[in-house]
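One-letter residues, chain by chain:
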Amino acid sequence: RAQSASVRGVFRVGEDKRGGVEAEWTRTRAEGTQLTTGFTTVFGTDVPGNTALAHTARADRFFLGYNRLLFGDRPFEMEWFAGAAGERIAWTTAIAAAATGAPTVAPTTLASTQSAVGLSGGVLGRWKWNEAWAMEGRVRGVTGNINGMRAELALSVRPVRPLRVRAGYAYDEINTRVKD
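Residues numbered from 1 in each chain as written. Predicted model: local features only at pLDDT ≥ 70, side-chain atom pairs only at ≥ 80, totals over all residues. Heavy atoms only, no water.

### Section: the overall build of the protein chain
Consideration 1: A tally of regular secondary structure across the protein chain gives zero helices and 10 strands.
Consideration 2: The secondary structure elements of the protein chain, listed N-terminal to C-terminal, are β-β-β-β-β-β-β-β-β-β.
Consideration 3: Taken over 180 residues, the protein chain has a buried fraction of 31%.
Consideration 4: About 10,500 Å² of surface is accessible on the protein chain, with carbon and sulfur atoms providing 61% of the total. (Helix = DSSP H or I, 4+ residues; strand = E, 2+ residues; numbered from the N terminus. Buried < 20%, exposed > 50% of the residue type's maximum accessible area, 1.4 Å probe, protein only. Areas by Shrake-Rupley, 256 points an atom, 1.4 Å probe, with all protein chains shown as cover.)

Right under this line is the structure:
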């Protein structure tokens, strides 16, 4: 189960208003419960089978880079973007008492935080039905100590220029190199 919120702004410059600066901040929170079926290790702590683990995670991401609008003022627009990104991921795992018949383990909460900066880029496609309403698809990747990607499909409305409000579905994938 996860929730995500994002704020993104593009500030276009020049005569043609096609190139500009893009800034974005995204926060994703997720939580879940897992029952171990066999012996496992979590953050260096040995956990026997039949133990309940409650996981929570929060990922904060930022992006600052160049954005270029292609096919502007047509029914289908595209934007590509490239720049620098940073990510901070914090997660905890609460180990509950083992289920009946399993070796005992003391209730414990383990935590870890990872941060990284790297290069990021992606593309956005927008199919405009009229000046106010559009359907958007966006893919962004980041590389560094934390590698990840985000894909979005959203309905967007532009009540006034330059504001665009979006709501839809997002898929996040984050791969970390855990420091011991």
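### So, the packing of aromatic side chains
Consideration 1: Applying the stated criterion across every chain yields a total of three aromatic pairs.
Consideration 2: Note on F63 and F81: the rings are 5.7 Å apart at their centroids and 70° apart in plane angle, and the pair reads as edge-to-face. Separated by 18 residues along the polypeptide, F63 in strand β5 (residues 51–70) and F81 in strand β6 (residues 76–98) bring together distant segments of the chain.
Consideration 3: Look at W127 and W129: their rings are 5.6 Å apart centre to centre, the planes differ by 80°, and that puts the pair in the edge-to-face class. (Phe/Tyr/Trp six-rings, centres within 6.5 Å; stacked < 30°, edge-to-face > 60°.)

### Description of the environment of A84
Consideration 1: Mapped onto the elements, A84 comes out in strand β6.
Consideration 2: Take A84: its relative accessible area is 39%, and that puts it in the partly exposed class.
Consideration 3: Distance from A84 to V117, taken between C-alpha atoms, is 7.2 Å for residues 33 residues apart in sequence.
Consideration 4: The residues touching A84, leaving out its near neighbours within four places in the chain, are F62, F63, L64 and G118. (Contact = heavy atoms within 4.5 Å.)

### Regarding the pattern of salt bridges
Consideration 1: If you walk through the whole model with that rule in mind, you get 20 salt bridges.
Consideration 2: Residue R8 is joined to E22 by a salt bridge in which the shortest nitrogen-to-oxygen separation is 3.0 Å. Residue R8 is found in strand β1 (residues 2–13), and its partner E22 is found in strand β2 (residues 19–35); the two are separated by 14 residues along the sequence.
Consideration 3: The exposure class of R8 is partly exposed, given its relative accessible area of 26%.
Consideration 4: A salt bridge links E136 to R126; its shortest N-O distance comes to 2.6 Å. Taken together, the residues E136 in strand β8 (residues 133–143) and R126 in strand β7 (residues 108–128) connect sequence positions 10 residues apart. (Salt bridge = Lys/Arg side-chain N within 4 Å of Asp/Glu carboxyl O.)

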